[in-house]
Each structure stands twice: as C-alpha cells, then as structure tokens.
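Below, each chain spelled out in residue letters.
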Amino acid sequence: MLTRDEALVTYDDASGTAIPDRLSRQTHKAYAGYAKRLLTIYEHGVGLTRRELHRAVENVMAAVDDCPARRIAAFKKLLDDVSEFGSDTSGSAAKLRKQVFSIAAKFHPLASQAEGLFGNLESEIKARIAQELQKPWQQIDDELFADVIEFQRMKKFSGYASPQALLSRYNVAQTQAALYSAEELIVWSETDHKMILRYAKLARLMHSIRRHGQNGYCFRFDGPASVLRRSTRYGVAMARFLPGLLACQGWHAKAKIISRFGKRYRLDLSSREGLKSNANLAEEFDSSLEAEFFEDWQKADTGGWKLEHETEILHEGQTVFTPDFTLIAPDGVRRILLEVVGYWTPEYLEAKVRQLEQFQHHDLLLAVPQQTNFEAPAGIQSPIYFKRRLKAADVLARLSTT
C-alpha cells in the first residue's frame, strides 16, 4: 500500500467531497504506454539497485504532461511492492564496509586511471581486497551497502498481469490512502453481507451492523480518525479492507474523511464505479488475533470441544450480532458464541455492552484485552482477559467451569 507521502487526494470545498487521484481511459489514455515501459524496467531490473530502478521510472514519467511528483512516487512504491530486494538485517554489511575501507585506507589516495606517480589504481586495489577477503569483487560490491534501502538490489519481480492491471492497482491504492484519515465508513449492502463481514473481520475493523430495508444491512466501521490510540496502525487496517469490499457486489458506501487541516469531507464509493480488486479469502485469517487463537486451538487438547470460525448473523429486531467463533461441546448440542475484541475505544465498548445485553439469552463468551478493564453486563459471564494474544488454554479453562 501507499504511504501518506505518496497519497494524492483533492478536497472540493464546494461539494464537500474528497477525490482520490484516479486515472481514466479517456483522460489518461497515454498512461497505458507509460505503464508498459515501467513494467519493462522492472522485468529487466534483476540485479539493479532500488535507486537505479527509481531513476529509470522518473526518467520515463518525466515525459508525461502534468504528472505530480506524488503520482510518480506512488508508481515506484507499487512496483516495489511486487518486487523482492536483497537486504541485510544481521549487520554483515556494516562489518564488510569496515573491512573494505580499512584495507583501502592503506592505499589512499585511489585513482580510477593511472595518473603518473600519484595514487593507486582503483581496479588493482579492488582486486587485492577481493583476494584478501576471498570473494569476488562483484559480490563484495553487491553486499557492501545491503543495509541501505536505496542500494538494495532486486532479486525477483512478481509484476502485474498487464499495464492495465498496474493502472487499476494505482486507482485502488490511492482510494485506500484516502481512508487513512477516515473518521468512519458506512456500507449499505444488498447481497454479499457475509463476504463484507468476513473481509472486515480479516482487517480487524471495529464495526456495528443493523438491518437496512427488508433484505439489506448497514455496516458502520469506525475509522482511524476516531481512534485515539494506535491510529496509524488502524488506518492501515481500514485501507486493507477496501480491496475485499471491492471484490463484493451490491453495495454503496460513504466515508467521512478528515483533511490535515481538520475539515471533514465525504468520499462516496460503490460496487458499480469501476474500481476492481483481485482480493480473495485464500488466507482466511491473515495473521490476525483470531488466526493466532485458531492456530493455538488446533494444537491444544480440547477435550472434544470443536471450534468453528464461520459465523452466523444473529438478529434481534433491528440489531445484528456476528460472533467471531462458535464453540461446540463434545455432545454436539451445546454451542457457545465467542466474541474476541481486538481494537477498541470506550465508545466501541459501550456499544458492545448494549449489544450483548440484547443477546444475553444466547450462550455468550467474551475475550477482551486486559487493559480495557471491561465489565460484562448482567446476564453475561465475566470476560476472558488476555495480554497480547488469546490462548486456547484460557478459553478451555473457562469452558470447564461453565
């Protein structure tokens, strides 16, 4: 995804709307050719440094009329996102530099060409360093600055299916970046309710649901601008939800965006406006809190208890509740609904209390972060508190007493 420095959003005071930068076939038809050239640069870029690749992209885009610097930066980021670069996390590059510079210092000054009696020939000193370190100079050169992002060399490029796919990804990425500053996102769904809910859970978004019309639902997602703590991290979660939403059908949405000057704008989205996504649910949990708990459960001695992640939507008038897990007793009859709270705000917890009060006739179990000091409403058993992750052993211990 893009960073805030690569985001390009226009705010229209007259209409009160936020408009992410998007490339259209009519207005930006020349970009298909430029996108093809950018892909060619990266397809043939194995062995080049990130800086060399970026300079090549800048040279191509310099010929484009009215192309903002942030748009160029966004293309570089999107190409980097599907590339693999060498890196150094062990500190070996710094150690290698110290060795190379220590050896070379003995022969200072160096000259690229023989200049009479002044200086030592650079190529000869490189050969001597390679011999002393017992590795080819090209390998030394590749590893010398592997801990500096600009000088990391490309190892692999996964690429995009076509230039049009790159341009489509750009449009989605800019819309995602606009959501970094969202106060809330409201989605009205007529068809893919469970898919929308699943993607929201994968992104670990705080949400509430209510009935909308006869067959529809209204999803309200609290945005990063409404979260006082960990807002940057939650902003990424909000943006990660968008590709999943775009993969669904029969919905329209409205986001409240706060500009850097504190003014509120509206961002309208729908499943019919042309943004495309290849999101899928192949990775069901996507390293979320629920995924860690599910994995821990598979390794535990559950005593016959079964865990199901596929949740059902429970109705109580206009209120809807969607628990994260269903725990099934060894007899196959008793079913306990498990709700796991990840991100939270005081307002979110208050809404959760009101929701649980309406569904207290169901067999409910709640797991919440220890720092919330959450107290369950009357009729609901006290929560399971956890620090960084929810453990299967803690849930099983509670089941043994219920």
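So, here is what we can say about the structure in this document. Everything numeric in this text was worked out from a predicted model, so none of it was measured. (Residues numbered from 1 in each chain as written. Predicted model: local features only at pLDDT ≥ 70, side-chain atom pairs only at ≥ 80, totals over all residues. Heavy atoms only, no water.)

## Notes on the sheet that holds strand β17 (residues 364–369)
In space, the five strands of this open sheet follow the order β12-β15-β16-β17-β18, with mixed pairing throughout. The outermost strands of the open sheet, each flanked by one partner alone, are β12 (306–308) and β18 (384–386). Direction aside, the axes of adjacent strands within the sheet are offset by 25° on average. Bridging between β17 and β18 involves three bridges; their strand directions are parallel. What sits directly across from Pro369, in β18, is Phe386. (Pairing = 2+ DSSP bridges. Helix = DSSP H or I, 4+ residues; strand = E, 2+ residues; numbered from the N terminus. Axes fitted to C-alpha atoms, helices over the stretch in contact; angles between N-to-C directions.)

## What to know about the pattern of salt bridges
Side chains that differ in charge, positive against negative, can pair when their charged atoms come close. With the rule as written, the count across this model stands at 19 salt bridges. Between Arg50 and Asp80 there is a salt bridge, with its nearest N and O atoms 3.3 Å apart. Pair noted here: Arg50 is in helix α2 (residues 50–61) and Asp80 is in helix α3 (residues 69–81), with a separation of 30 residues, a long-range link. Each of the two residues, Arg50 as well as Asp80, counts as buried. Arg266 is paired through a salt bridge with Asp268; the nearest N and O atoms lie 2.8 Å apart. Taking the relative accessible area as the measure of exposure, Arg266 reaches 31% and is therefore partly exposed. By relative accessible area, which is 38% here, Asp268 ends up partly exposed. (Salt bridge = Lys/Arg side-chain N within 4 Å of Asp/Glu carboxyl O. Buried < 20%, exposed > 50% of the residue type's maximum accessible area, 1.4 Å probe, protein only.)

## So, the pairing of strand β7 (residues 182–189)
Among the eight residues of β7, eight are classified as buried, and the element is accordingly described as predominantly covered. In this structure, β7 lies alongside strand β10 (residues 251–258), joined through seven bridges in antiparallel fashion. Bridge assignment links Leu185 to a residue of β10, and that residue is Ala255. The sheet contact formed by β7 and strand β9 (residues 216–222) spans six bridges and is antiparallel. Bridging from a neighbouring strand, Ile186 pairs with Arg220 of β9.

## Side note on empty space enclosed by the protein
All told, the structure shown has three cavities of 30 Å³ or more when counted by the stated rule. Reported here for the largest cavity is a volume of approximately 170 Å³. Lining the largest cavity we find 14 residues, and of these Arg204, Leu205, Glu290, Val340 and Gly342 sit closest to its centre. Listed by contribution, the elements that provide at least two residues to the lining of the largest cavity are α10 (289–299) and β16 (335–340). (1 Å grid on protein atoms, 1.4 Å probe; cavity = no way out; pocket = protein on both sides within 12 Å on 5 of 7 lines; lining within 4 Å. Points joined across faces, edges and corners; volume = space filled by probe spheres on them.)

## Examining the packing of α3 against helix α7 (residues 163–178)
Helix-helix packing is characterised by the crossing angle of the two axes and by the distance between the axes. Contact geometry for α3 and α7: axes closest at 10 Å, N-to-C directions at 110°. Comparing their axes, α7 and α3 come out roughly perpendicular. For the pair α3 and α7, the crossing hand works out as right-handed. Contacts between α3 and α7 involve Arg71, Ala74, Phe75, Leu78 and Leu79 from the first element and Leu166, Leu167, Arg169, Tyr170, Ala173 and Gln174 from the second. Looking at side-chain class alone, the contact of α3 with α7 contains eight nonpolar, one polar and two charged residues. (Parallel < 35°, antiparallel > 145°, perpendicular 65-115°, else oblique. Left-handed = near helix turned anticlockwise from the far one by under 90°. Contact = heavy atoms within 4.5 Å. Nonpolar A, V, L, I, M, F, W, Y, C, P; charged D, E, K, R; others polar.)

## Topic: α10
Here α10 has its buried residues at Leu289, Glu290, Ala291, Phe293 and Trp297. Packed against the buried residues of α10 are β12, β15 (325–328), β16, β18 and α12 (392–399).

## Points about the layout of surface pockets
In this structure, the largest pocket occupies an estimated 1,200 Å³ of space. Contributing to the lining of the largest pocket are 39 residues, with Arg169, Val172, Lys276, Ser277 and Asn278 lying nearest its centre. Broken down by secondary-structure element, the contributors of at least two residues to the lining of the largest pocket are α1 (31–43), α3, α7, α8 (193–202) and α9 (231–246). Looking at the lining of the largest pocket element by element, the count peaks at eight residues for α7. The residue makeup of the lining of the largest pocket, split by class, is 18 nonpolar, eleven polar and ten charged. Arg4, Val9, Tyr11, Arg70 and Arg260 are, among the 17 residues lining the second largest pocket, the residues nearest its centre. When grouped by side-chain class, the residues that make up the lining of the second largest pocket number ten nonpolar, two polar and five charged.

## A word on the packing of α1 against α7
Running from N to C, α1 and α7 cross one another at 100°; their axes reach a closest spacing of 8 Å. With respect to α7, the axis of α1 lies roughly perpendicular. Of the residues in α7, those in contact with Tyr31, Ala32, Ala35, Lys36 and Leu39 of α1 are Pro163, Gln164, Leu166 and Leu167. Split by residue class, the contact of α1 with α7 holds seven nonpolar, one polar and one charged.

The values reported here are purely geometric and, on their own, carry no functional implication.
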